[in-house]
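The primary structure of each chain is shown beneath.
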Amino acid sequence: MLRIRSRTVAAQQPARPSSRRRLRLPLNPRLIIGLALLTIFVGGSFILPFFTSVDPSAQGTYWKDLPMSTTHLLGTNSLGQDIFWFLVFAIRNSLLIGVSASLGITIISCVLGLSAGYIGGWYERIVVLLTDTFICIPVLPILIVMSALMQGNTSFLMVSLILMAFGWAWNARTLRSMVLSLREREFINTARFSGAGTVAIIAREIFPYVYAYMVIGFINTILYAINTEAALAVIGLSKLDVPTLGSIIFWALNYNALLTGETVWIIAPIVATVLLFLGLFLTSTGYNEYFAYRRGVA
Amino acid sequence: MICLHNIVATYTTRRGQVNAVDGVSVDIPDNMILGIAGESGCGKSTLIKVIYGDLGFPLALTAGSISYGFQNDGGQEVTLANIQKEWFKRISYIPQSSMSSLNPVVRIRDQFLDFPSVSRNKAEVLERARAFVQKLGLPPQALDAYPHQLSGGMRQRVMVAIATFFQPHIIFADEPTTALDVVVQKAILLLLMNLQKEMKSTIIFVSHDMGVHYQIADRMLIMYAAKAVEYADTEESFRRPLHPYTLMLTNALPVIGDDRERQGLPGQPPSLWEPMRGCRFAPRCPLATDLCRTTEPPLLQHAAGHYAACHHADRVAELKESLANAHDLIGVSR
Amino acid sequence: MGLARYIVQRFITYLLVLYIGLTITFFLPRFMPSNPIDNYIAQMQSRVGQTMTPAAMANLRNSLEQLYGLKGSLWSQYLHYMGSVVLHFDFGPSFANYPDSVASLIFTALPWTAGLLLTSTIIAWILGNMVGLVAGYFNKSRTASVLEFFGIVLYPIPYYILALVAILILAYYIPVFPLTPTFLPGAMTLQKFGNILYNSFLPGLTLVLAAFGWNILSMKTLAVATKEEPFVTYARMKGTSDWTRMTNYVFRNAMLPQVTGLVLSLATIFSGALLTEILFSYPGVGLLMRTAAGSGDYNMLYGTIDLSIIAVATAAFVLDLVYPLLDPRIRFR
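Residues numbered from 1 in each chain as written. Chains lettered and ligands numbered in written order. Predicted model: local features only at pLDDT ≥ 70, side-chain atom pairs only at ≥ 80, totals over all residues.

1. Some remarks on the overall build of chain A
When helices and strands are counted, chain A shows 12 helices and zero strands. Ordered by position from the N terminus, the helices and strands of chain A form the series α-α-α-α-α-α-α-α-α-α-α-α. Each of the 298 residues in chain A was classed as buried or not, and the buried ones make up 44%. Once local pairs closer than 6 in sequence are excluded, the contacts in chain A between residues at least 24 apart make up 71%. (Helix = DSSP H or I, 4+ residues; strand = E, 2+ residues; numbered from the N terminus. Buried ≥ 20, exposed ≤ 12 C-beta atoms within 10 Å, placed from the backbone. Contact = placed C-beta atoms within 7 Å.)

In C-alpha cells, the structure reads:
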C-alpha cells in the first residue's frame, strides 16, 4: 500500500530498536490514563500514611458505623476503624506484596525463558517440560493447603514464596517463544559467529528486544500477585489482621456488611480494586502499544 | 480497448495526501499482454489497483475515468462504478505474494469456488475445474490438498488457474514471478502466454524485472515518479527507447555474450511529498536542460504507437550510442 | 506419520506432567514449616490438657502417621502414595468426615464443579470469540470500539469482585437469585434441572464474565491482525462476501491461537472456579477445599490438589488432541 511512504521514510529507520530515537507522537490515551491511575494509587498509598498517626488496623478507635463525613471520608465500619485510612494502608500493603512477588517471578521466568529459548537442546526440553507442568498447576489450591497447614499464621513471606515458586511458568513460556523467533534472525547469527559467548549474546542482543515484553509481563504479574493474595484473603485464609485489599472485603463479608447496610465498607474496596487493576492493565497495554509504535509496527 | 483518461490516484495518510499516480492517460488494446515497469514506488501497483477497481480508504481516485470496452450482464457499459461486480467474472487478479494468498486451513477446491460468480451446481463446476488445472500442469488431486502441501510453484499455478478458470476479459497480475526460482518463473510465464493466446484476453502485469517484460510483454508502459514516461511495443522500447529512463532500465539488463560492465542509474526518485517542477526525471537525467527543469513534458506520440514524455526524445538514440561506446572495455562487437 | 508422532508426543508430555505434578504435591506438605500431626497433637493437648499418657500419645501419633501416610521412610511413603493415587484413586480417609474416603467425597462434589466449569468456559469462549471477531473485523466502527471498551473494563476485574458485584446486584439489591444455593434432593427431574439452573446462574454468570473480557480482547487483536493477511485481502479481491471472509477466512485462522491460549489459561480458570464456588457456597470441589482447610482435614486437601492437577492436565491434553482437527497443517505434515 504505502510504497511511496516506505521509500522516503523507512529508509532512515534502523533495523534494531535504538533507545536514542526521538518520540514522534505523544503517548497513547491508554497509557496516559493507566499511568494517571497508578500515580494516584501508588503515590497516595505511600505518601498519605505519613499524615496520620493512627494505626488503622486497631479496632475500636472510633465510633462504629459512622456515615461518610469530612472527618471520616468514607465513614467507619463495624470494627470502629476509619474506612478511608484502612483502605489507604490496604492499597499500600497489597502493592508491596504484589510488586515483591512480581519481581521474583519476573526474574525467574526471565532467566528460565530466555536461556531455554536460546540454548536449546536437552536443557530446553527439560525447561519446557517443567514449564508445561507448572502451567497446569493451579496456584489457589496450593495456597489454601499452605494456609491450612499454617493454622491461620499465614505469613506474607510464605504467600510470596509460593507465588514465586508456581507463578513463573506463564511468563517463561512467552519469553521462550520470543527468543525462538529471534534466534534465527541474522544479527544473532552474526554475533554467534563472531565468537560472543552465550550470556553476552543473551544480554546484549536478545535483551533489548524482549525487555518491553518483560516490563509488560512484570506489570501483569503484579496484577496477578495482588489478585491471588486478595482472593486468599477474601475466603479468609490469609493474614487477616494486616490491612490488604482482600482482607477488607473479608471483614466486611464477615460482619455482614450487606445486611447491616454498611455498603460503603464493601463497595469502597471493590471500587478501589477495580480502579487499581484497571490502572495496571491500561498501563501494561498502553505500554505495549507505545512500544509497538516505536518499533514501527503500529 | 481499455481507455485511461488522466488517472490521478491519491493516498491519504497521517502525513497528508500524496498522488501515487499523477495523470496517466493511455489506451490499452485488447488481446495482448501489457507490462508495466518501473522502480519501487513509481505507482505501478497503484495503477493496476485503480484499473481493477480496488479503491477504498486510503486510496481514492481524485481525477480521471476509465472505460473498459465491454458490457456487463445488464447490457450497461462497465465503468469504475460497477467494475466491482465483475471481479472474478470478467476481470481477475493474481496477487503479489501468492505464497500466502491461499487460506491455510481450507482445501484448495473450496477456495477455487468461493467467489460469487460460481454457479449453484458446485459438483459440476468442480469437475470442470479438475480438467482445467490439468491443462496448467497440476495433478487433479491438487484441488483436494491444503495449501501447505503444495510447492511454491504449484501454488502459483493454482493462483493462475483460479484467475483464468472462467475466461475473463482482463487479467491483472502484480509481480507474478517474484519469489519464484528461475525455472519455475519460466514455466509460469509460458503458462500465462499460452493462456492469453488461447483465451484472447488482455493481461496487464506489473514487474520491476525487465527480463520478465522482455520475455512476455507485447507492449510496455514505463512509469517514473507517478507519471507514465514511455509507452510502446516491447521490441521498440528495448531497441529504440525514446526516454532516457527507459534506456537506463533496459541497459541494466545483461545480454549473453556481452560482458561489459552494466551501467546502473545513480540517485533516487524524487519524494512525492515535495512539490515538483518540470520533468521529474530531470535531476538524474544526462540529457536534462533548463526546459526540462521548468516545463513538464507531456506524453506525446513520437512514432506509430510509440509514446514518450521527454523534451529531447530525439537525442536518446545518440545517448544510447555514447553509453555503448564509453564502456566498450573489451572491444566486443555489438 | 506426522499426526501420530504429534499425538504420541503430547501423550508422553501428559503423563510426565501428571507424574511431576503428583510428585510436587507429595513433597509440598513436607516442605512446609508446619506438620499436620504436630498441629493435631497440639490441638489435642490444648483441649485435654496434660491428661494424656505418653503411651496414648505415642499411639495417637502412630495412627495419625498411618492416616496421613507419613509412616516409614520417605521413599516408602512415596511409593505408597503413588501407588494408591495412580492405581486406586485413593487419597486416604477424610479426617473430618471419617470414615468416608476423600475420593468418595471428591467424586460427589466433582460433577458440580465440572458442570459449572464446562458450561461457563464453553459459553465464555464461544460468545467472547464471536464478539471479539466482530469487533476485530469491523474494527473501524463505533460498535467495535464500544465492544473493545467493554472487554478492557471487564478483563482486569478479578473473580471475587465479579462474584461480589453479582451478589450485590442480582441477589441483594434486586433479589432475583438466591445468595446461597439450595438444591433439591432426589432423582433428576425437569423441575430439579430447572432448580439447578436457577441456583447455578449467579456463579455461572461470574465465571462467564471473568473469562469473557480476555476472549474479546485477544480475539479482537487476532482478528485485526488476520484481516491484514494476504489471503484475506485476496479473498476480498475475489469478491467474496464479508460474512464468508469473516467466518471462513479470519475466524478459522484466528481461532487456532485462541485454542492454545485457552489451554494456557486452564489453571487460572480452574482456580477462579474454585474461588467462585467458595464465595457462593456452591457444593463443588472448591467448597470441599475451604471446609477442609478450616477443619484441618489434610488428606482432603492433598486429594483436592491432586485432583486439580489431574483435571487441568487432562483438559489440556484433550484440547491438544482437538487442535489438529482444526489445523490441517498439523493433521497432514
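2. Looking at the sheet that holds strand E11 (residues 300-303) of chain B
All names here are of chain B. With mixed pairing, the eight strands of this open sheet are ordered in space as E6-E7-E8-E4-E9-E10-E12-E11. Single-partner strands in this sheet number two, and they are strand E6 (91-94) and E11. Strand-to-strand twist of the sheet, defined as the mean angle between neighbouring strand axes without regard to direction, takes the value 20 degrees. In this sheet, strand E8 (residues 202-206) lies alongside strand E7 (residues 170-174) in parallel orientation, the contact comprising five bridges. In the sheet register, Phe172 faces E8, and the bridge partner there is Ile204. (Pairing = 2+ DSSP bridges. Axes fitted to C-alpha atoms, helices over the stretch in contact; angles between N-to-C directions.)

3. A short note on the packing of helix H5 (residues 102-137) of chain C against helix H8 (residues 190-227) of chain C
Residue and element names in this part refer to chain C. Taken N-terminus to C-terminus, the directions of H5 and H8 make an angle of 35 degrees; their axes are 6 Å apart at the nearest point. The interaxial crossing formed by H5 with H8 has right-handed handedness. When grouped by side-chain class, the residues that make up the contact of H5 with H8 number 20 nonpolar, 12 polar and two charged. (Left-handed = near helix turned anticlockwise from the far one by under 90°. Nonpolar A, V, L, I, M, F, W, Y, C, P; charged D, E, K, R; others polar.)

4. Section: the packing of helix H4 (residues 121-135) of chain A against helix H7 (residues 169-183) of chain A
All names here are of chain A. Where H4 contacts H7, the axes come no closer than 9 Å and their chain directions differ by 140 degrees. Our classification of the angle between H4 and H7 gives oblique. H4 and H7 meet at a crossing whose hand is left-handed. Contacts from Thr131, Phe134 and Ile135 in H4 reach Ala169, Trp170, Ala172 and Arg173 in H7. (Parallel < 35°, antiparallel > 145°, perpendicular 65-115°, else oblique.)

5. Looking at the interface of chain C and chain A
At the interface, 40 residues of chain C touch 35 residues of chain A. Taken together, the elements giving at least two residues each to the side of chain C that touches chain A come down to helix H1 (2-31), helix H2 (36-48), helix H7 (159-173), helix H11 (266-280), helix H12 (285-295) and helix H13 (298-326) of chain C. Here the side of chain C that touches chain A gets eight residues from one element, more than from any other, and that element is H13(C).

6. Let's talk about helix H3 (residues 83-119) of chain A
All names here are of chain A. With 37 residues, H3 should cover 54 Å at 1.5 Å per step; its first-to-last C-alpha distance of 52 Å lies within 8% of that length. Burial within H3 is extensive, with 27 of its 37 residues counted as buried. Phi turns positive one or two residues past the end of H3, at Gly120, with a value near 70 degrees. (Expected span 1.5 Å × (residues − 1).)

7. Remarks on the environment of B:Gln71
Residue placement: B:Gln71 occurs in the loop between strand E5 (59-67) and E6. Linking B:Gln71 and B:Cys42, residues 29 residues apart in sequence, is a C-alpha distance of 31 Å.

8. Comments concerning unusual backbone geometry
All names here are of chain B. Pro58 follows Phe57 through a cis peptide bond whose omega is 5 degrees. Among the secondary structure elements, Pro58 is positioned in the loop between helix H1 (44-52) and E5. Here the phi dihedral of Phe88 falls at roughly 55 degrees; this positive angle occurs in a residue that is not glycine. Topologically, Phe88 is positioned in the loop between E5 and E6.

9. Things to note about the domain arrangement of chain B
Residues and elements named next belong to chain B. The domain boundaries assigned to chain B delineate domain 1 (2-223) and domain 2 (225-326). At the interface, 26 residues of domain 1 touch 23 residues of domain 2. Of all the secondary-structure elements, those providing two or more residues to the side of domain 1 that touches domain 2 are strand E2 (16-24), helix H6 (210-216) and strand E9 (219-224). When residues of the side of domain 1 that touches domain 2 are assigned to their parent elements, the largest contribution, seven residues, is made by E2. (Domains from an automatic or database assignment.)

10. Comments concerning the environment of B:Pro298
Counting through the fold element by element, B:Pro298 comes out in the loop between helix H9 (290-294) and E11. A C-alpha to C-alpha distance of 41 Å links B:Pro298 and B:Ser117, two positions 181 residues apart in sequence.

11. Digging into the nonpolar core
Counting 249 residues, the largest nonpolar core has A:Leu87, C:Tyr160, C:Leu301 and C:Val312 as the members making the most contacts within it. Here this core gets 17 residues from one element, more than from any other, and that element is H3(A). Those residues in contact with A:Leu87, other than ones at most four positions away along the chain, are A:Leu74, A:Ile248, A:Ala268, A:Pro269 and A:Ala272. (Core = buried A, V, L, I, M, F, W, Y, C linked by C-beta atoms within 7 Å.)

12. Here we look at the confidence of the model for chain A
On average, residues of chain A score 78 in pLDDT, and 86% of them reach the 70 mark or higher. Contacts for the low-pLDDT stretch residues 1-24 of chain A, under 50 throughout, to residues beyond four places or in other chains number 19 contacts. (pLDDT = per-residue confidence, 0-100.)

13. Digging into the pairing of E8(B)
When a strand is regular, its side chains alternate between the sheet's two faces. Residues and elements named next belong to chain B. Most of E8 is tucked away: five of the five residues are buried. Here E8 shows no split at all, with Thr202, Ile204 and Val206 on one side and Ile203 and Phe205 on the other all buried. In this fold, the crossover linking E7 to E8 by way of helix H5 (residues 182-199) has right-handed handedness. (Right-handed = clockwise from strand over helix to strand, strands pointing away.)

14. Quick notes on the confidence of the model for chain B
All names here are of chain B. Averaged over all residues, the pLDDT of chain B is 85; the fraction at 70 or higher stands at 96%. By mean pLDDT, the top-scoring element of chain B is strand E4 (residues 33-37) (94), and the lowest-scoring one is helix H10 (residues 316-326) (78). The low-confidence segment residues 329-334 (pLDDT under 50) makes seven contacts with residues lying over four places distant or belonging to another chain. Both confidence scores are given for the complex: pTM 0.82, ipTM 0.84.

15. What to know about the environment of B:Ile256
Here B:Ile256 lies in the loop between helix H8 (244-251) and H9. With 191 residues separating them along the chain, B:Ile256 and B:Ser65 place their C-alpha atoms 43 Å apart.

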